[in-house]
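In case you want the letters, here they are:
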Amino acid sequence: MFRRLPGDEARNLVSTTPDTVVVFRPAVVTTPAIITIAILAGRLLVSLIRTVWRHPIALAVLAVPSVLCWLYGWQTALLLIAPLPTGLAAWALVDRGSFTGRVGRRLLAWWRLIFIYRRHWQPVMIVSGLGKHLRGRDYLPRLGKVTCNAWADTVTVRMLDGQAVKDWADRTDHLAHGFGAPSCRVSVIKAGRLVLTFPRCDPLATPIPALPVPAVPTVGPVEIGRQEDGSPWLLKILGTHVLVAGATGAGKGSIIWSTIRALLPALRAGLVQIWALDPKLMELSFGRALFGPHYAATPEECANLLEQAVKVMQERAARFGGVQRSHTPTGDDPFVLVIVDEVAFLTAYQADKDLRRRVSAALATLTTQGRAVGVGVLAALQDPRKEVMTIRNLFPDKIALRLDESEQVDMVLGDGARDRGALADRISPNPTLGAGVGYVRLEASPDPVRVRAAYVSDSDIRAVVACFVTQGGETR
């Protein structure tokens, strides 16, 4: 029986021996040497142009001294070049901050681009699965510009065609380990382009002392701490509702009392009222003199106070309907901030079903209708599960302090927040390192921002309450 041998070239060959081995030699086309030389020269020229375009300063530093030495000798070259490094050294000694901002960080960015990111880019991309090796060729995302600030590197990346942001968000641990950073965060610039943030240090590692009470009354965004980039953390309370979630000792009290301290001048001026619900009797009880009649501790008192806030909201809505769509605080219609410490005790853990129903209904009404008429809610809880806090999605702005489980991060901040770098479950339980540290996700921005609230001690609270009472502050 005749058997055809496999292969395109063997389709017309027939063998009578079953195990015949046929060796095929590919045809060799001789390329003229001039074409080969032209191709190599073209590649060399393209590489040279690309290098000059990417590193003009670095090449100038090497090329200028070499040209001067060749043209005028090393003595003349030294005399011409010496003033520049001398001037830079003097600049660094006289004004270190300006030198660091204009020169130092640019040099650091260049150094890290060459020796950290570009050096490890291919293996990190291939091993993490963000690059592909097909038929002997590597297909890699394009590494873009690297910039450095005081605490982190920001790396721009152009994704491969067909990749999604989630592909990168799922591999933040791989990227952080591959480039020697403690963490990695992913944010979107525009379609196809990302920014990877790699922290080099932690500017929020030390506690922040209590901030001074503002001298001017304000109900706008109030300063309660510091963001990771060193800028003030301004918390918006007028025209929104804020949910704060964190485990025991995570620093929820720091956020609450920093907000109260920032509002004291407006409280004294009659532009703000603070209604406090303190079912634990351990947090807001220090400031009873600040809240006046708007303080509740027992579950029944809390339900009554919330229903009273609903009545104020509905009365304002009846007056403002058809007249205005946003609220400006005045002495007659002050901004009402309802602060609920450990809201889960009232909505889930309360034994009285009727009280649970009343509290849940009042909170749902306030969070759906209150911000347009100047009634805001600042609620704090430990357990963010849906069955504990059924209305958590009604809070536009959310803050996640230290949490016990990684799944809880997305429960608080929304789906995908942890993949974007909100590692609230990894915040240190050590109060010195982690108390008050958290991530904020605002209604207008999907990217979480790492922050730390100022620590307000018991003595700080007593001092500010005594000062408020001495100056004749009162609530209406």
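My aim in this report is to walk through the structure given alongside it, one point at a time. From a predicted model like this one, the values you see are computed outputs, not experimental measurements.

### What to know about the overall build of the protein
So, step 1. A count of helical and extended segments in the protein gives 15 helices and 18 strands.
So, step 2. On C-alpha atoms alone, the protein measures out to a radius of gyration of 32 Å, which is more than a quarter above the 23 Å that the 2.2 N^0.38 rule sets for 476 residues.
So, step 3. Seen through its C-alpha atoms, the protein measures out along the principal axes to roughly 100 × 85 × 50 Å.
So, step 4. Counting the 476 residues in the protein, one finds 40% classified as buried.
So, step 5. Summarising the internal contacts of the protein: among those between residues at least 6 apart in sequence, 64% fall at separations of at least 24.
So, step 6. For the protein, the accessible area works out to roughly 26200 Å², and carbon and sulfur atoms hold 59% of it.

### Focus: the packing of helix α8 (residues 252–268) against helix α15 (residues 458–470)
So, step 1. Contact pair α8 / α15: the axes reach a minimum separation of 12 Å and the direction vectors enclose 5°. Looking at the two axes, α8 sits roughly parallel to α15. From α8, Trp 257, Arg 261, Leu 264, Leu 267 and Arg 268 reach across to α15, where they touch Asp 460, Ile 461, Val 464 and Phe 468.
So, step 2. The class makeup of the residues in the contact of α8 with α15 is 6 nonpolar, no polar and 3 charged.

### Regarding the sheet that holds strand β10 (residues 232–235)
So, step 1. Read from one edge to the other, the open sheet built from 10 strands follows the order β10-β9-β18-β17-β16-β11-β15-β14-β12-β13, with strand pairing classed as mixed. Among the strands making up the open sheet, the edge pair consists of β10 and β13 (295–296).
So, step 2. Here strand β11 (residues 242–245) runs beside strand β16 (residues 397–400); their pairing, made up of 4 bridges, is parallel. The partner of Ala 245 across the bridge, within β16, is Ala 400.

### Digging into the pairing of strand β14 (residues 335–340)
So, step 1. Most of β14 is tucked away: 6 of the 6 residues are buried.
So, step 2. Side chains Phe 335, Leu 337 and Ile 339 of β14 all project onto a buried face; the interleaved residues Val 336, Val 338 and Val 340 project onto the opposite face, where all are buried too.
So, step 3. By the bridge criterion, 6 bridges tie strand β12 (residues 272–277) to β14 in an arrangement that is parallel. Bridging from a neighbouring strand, Trp 275 pairs with Val 338 of β14.
So, step 4. By the bridge criterion, 5 bridges tie β14 to strand β15 (residues 375–381) in an arrangement that is parallel. Considered in β15, the bridge of Val 338 is made with Val 377.

### Topic: the sheet that holds strand β6 (residues 152–158)
So, step 1. In spatial order, the strands read β5-β6-β8-β7; together these 4 strands make up an open sheet with antiparallel pairing. Strands with a single pairing partner mark the edges of an open sheet, and in this sheet they are β5 (142–148) and β7 (185–190). Across the sheet, the axes of successive neighbouring strands diverge by a mean angle of 25°, strand direction being ignored.
So, step 2. The pairing of β7 with strand β8 (residues 193–199) spans 5 bridges and is classified as antiparallel. Bridge assignment links Ser 187 to a residue of β8, and that residue is Val 195.

### Side note on the nonpolar core
A general trend in soluble globular proteins is that nonpolar side chains are found buried together.
So, step 1. Core analysis: the largest hydrophobic core is formed by 45 residues, its most contacted members being Leu 277, Leu 306, Val 338, Val 340, Leu 363, Leu 366 and Leu 413.
So, step 2. Of the residues forming this core, the biggest block, 8 residues, is contributed by helix α10 (residues 299–320).
So, step 3. Aside from chain neighbours lying at most four places away, what touches Leu 413 is Lys 398, Ile 399, Ala 400, Ala 422, Tyr 439 and Arg 441.
So, step 4. With 41 residues, the next largest nonpolar core counts Trp 233, Trp 257, Tyr 295 and Phe 335 among its residues.

### Section: the environment of Ile 255
So, step 1. You can see Ile 255 is positioned in helix α8.
So, step 2. Using a relative accessible area of 0% as the deciding quantity, one classes Ile 255 as buried.
So, step 3. If sequence neighbours within four positions are ignored, Ile 255 has contacts with Ile 224, Trp 233, Val 244, Ile 399, Leu 401 and Ala 453.

### Points about the packing of helix α4 (residues 83–94) against helix α5 (residues 96–128)
So, step 1. Two numbers describe how α4 lies on α5: the axes approach to 5 Å, and their chain directions differ by 125°. It follows that α4 is oblique to α5 by the angle criterion. Contacts from Leu 88, Trp 91, Ala 92 and Val 94 of α4 reach α5 at Arg 96, Ser 98, Phe 99, Arg 102 and Val 103.
So, step 2. Broken down by class, the residue content of the contact of α4 with α5 amounts to 6 nonpolar, 1 polar and 2 charged.

### Focus: a nonpolar patch on the surface
So, step 1. Where nonpolar side chains cluster on the molecular surface, the patch consists of Val 67, Trp 70, Leu 71, Tyr 72 and Leu 80 and spans about 620 Å² of accessible area.
So, step 2. The greatest single-element share of the nonpolar patch, amounting to 4 residues, is contributed by helix α2 (residues 56–72).

Criteria and thresholds
Residues numbered from 1 in each chain as written. Predicted model: local features only at pLDDT ≥ 70, side-chain atom pairs only at ≥ 80, totals over all residues. Heavy atoms only, no water. Helix = DSSP H or I, 4+ residues; strand = E, 2+ residues; numbered from the N terminus. Rg over C-alpha atoms; globule rule 2.2 N^0.38 Å. Buried < 20%, exposed > 50% of the residue type's maximum accessible area, 1.4 Å probe, protein only. Contact = heavy atoms within 4.5 Å. Areas by Shrake-Rupley, 256 points an atom, 1.4 Å probe, with all protein chains shown as cover. Axes fitted to C-alpha atoms, helices over the stretch in contact; angles between N-to-C directions. Parallel < 35°, antiparallel > 145°, perpendicular 65-115°, else oblique. Nonpolar A, V, L, I, M, F, W, Y, C, P; charged D, E, K, R; others polar. Pairing = 2+ DSSP bridges. Core = buried A, V, L, I, M, F, W, Y, C linked by side-chain atoms within 4.5 Å. Patch = residues over 30% accessible without salt bridge, like charges linked within 9 Å, V, L, I, M, F, W, Y side chains within 5 Å. Salt bridge = Lys/Arg side-chain N within 4 Å of Asp/Glu carboxyl O.

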